Amino acid sequence: MNISQKDTTITRIGQDALIALGANLPGRFGRPERALGAALRHLAERGLRLRRLSRFYATPCFPAGAGPDYVNAAALVTVSCAPERVLEILHSVEAEAGRERSARWAGRTLDLDLLAIGGKTLPDEKTHEHWRDLAFERQAVEAPDRLILPHPRIQDRGFVLVPLADVAPGWRHPTLGRTVREMLDALPAEARAGIVPL
């Protein structure tokens, strides 16, 4: 492997990653707010060092009517492995919590989403744009077969942006050019309705 290949596959040691946490069903880690706390401990055991944690928020279930309301949070962590390995770690902790991937947007004992690693765009801007601009009705039935960074739905979701503003309000989306605070301020009021700190 030459140096240029290494640069594209290995995350710089000590790079910041943004993670969204959520749960709306009890599972092996307990009720949702306990599950989020347990998840953070499990992530730390796997080398994802917590730097900042948002408040926990009660958030309306998405999509509406799909289950109980959620507890959501966001974390800023330090990572020293490739983005794909970070995703594997998140999935392994979800599995320990009893997460089952039965249907898109089904209730979850634990949901850990890798939102961003620094200013990386993966796998490339064109692919990111495709998934970011995917029509809502297609989002319910289509999912990418590879890691997309930043997460293609960050800019659309109040339950992500509200807690994210607690930990990284100045993080700038590498393809949209807007900060977390700017994306949150641009959301319609209904996208932020019902999101309250616990």
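Coordinates for the structure precede this section.
This report concerns the structure included in the present document. Computed from a predicted model, the values in this text were never measured in an experiment.

## A closer look at helix α3 (residues 83-96)
Quick reminder: α-helices carry 3.6 residues per turn. Residues three or four places apart thus point the same way. Over its 14 residues, α3 extends 20 Å from the first C-alpha to the last, a length consistent with the 20 Å expected when each residue adds 1.5 Å. The set of residues buried in α3 consists of Pro-83, Val-86, Ile-89, Leu-90, Val-93 and Glu-94. The buried residues of α3 occupy an angular sector of 140° when projected down its axis, which confines them to one face. Note on α3: the residue one or two positions beyond its end, Gly-98, has a positive phi of about 90°.

## Remarks on the nonpolar core
By size, the foremost hydrophobic cluster in this structure holds 30 residues, and its most contacted members are Leu-21, Leu-48, Leu-110, Leu-112 and Leu-114. If you list the elements that add at least two residues to this core, you get β1 (15-23), α2 (32-45), β4 (70-79), α3 and β5 (111-117). Residues within four places of Leu-114 in sequence aside, it is in contact with Ala-17, Leu-18, Ile-19, Pro-83, Val-86, Leu-87, Leu-90, Leu-147, Leu-149 and His-151.

## Quick notes on helix α6 (residues 158-167)
Burial within α6 is extensive, with 9 of its 10 residues counted as buried. What α6 keeps buried is the set Gly-158, Phe-159, Val-160, Leu-161, Val-162, Pro-163, Leu-164, Ala-165 and Val-167.

Rules used throughout
- Residues numbered from 1 in each chain as written.
- Predicted model: local features only at pLDDT ≥ 70, side-chain atom pairs only at ≥ 80, totals over all residues.
- Heavy atoms only, no water.
- Helix = DSSP H or I, 4+ residues; strand = E, 2+ residues; numbered from the N terminus.
- Expected span 1.5 Å × (residues − 1).
- Buried < 20%, exposed > 50% of the residue type's maximum accessible area, 1.4 Å probe, protein only.
- Arc of directions from axis to C-beta.
- Core = buried A, V, L, I, M, F, W, Y, C linked by side-chain atoms within 4.5 Å.
- Contact = heavy atoms within 4.5 Å.

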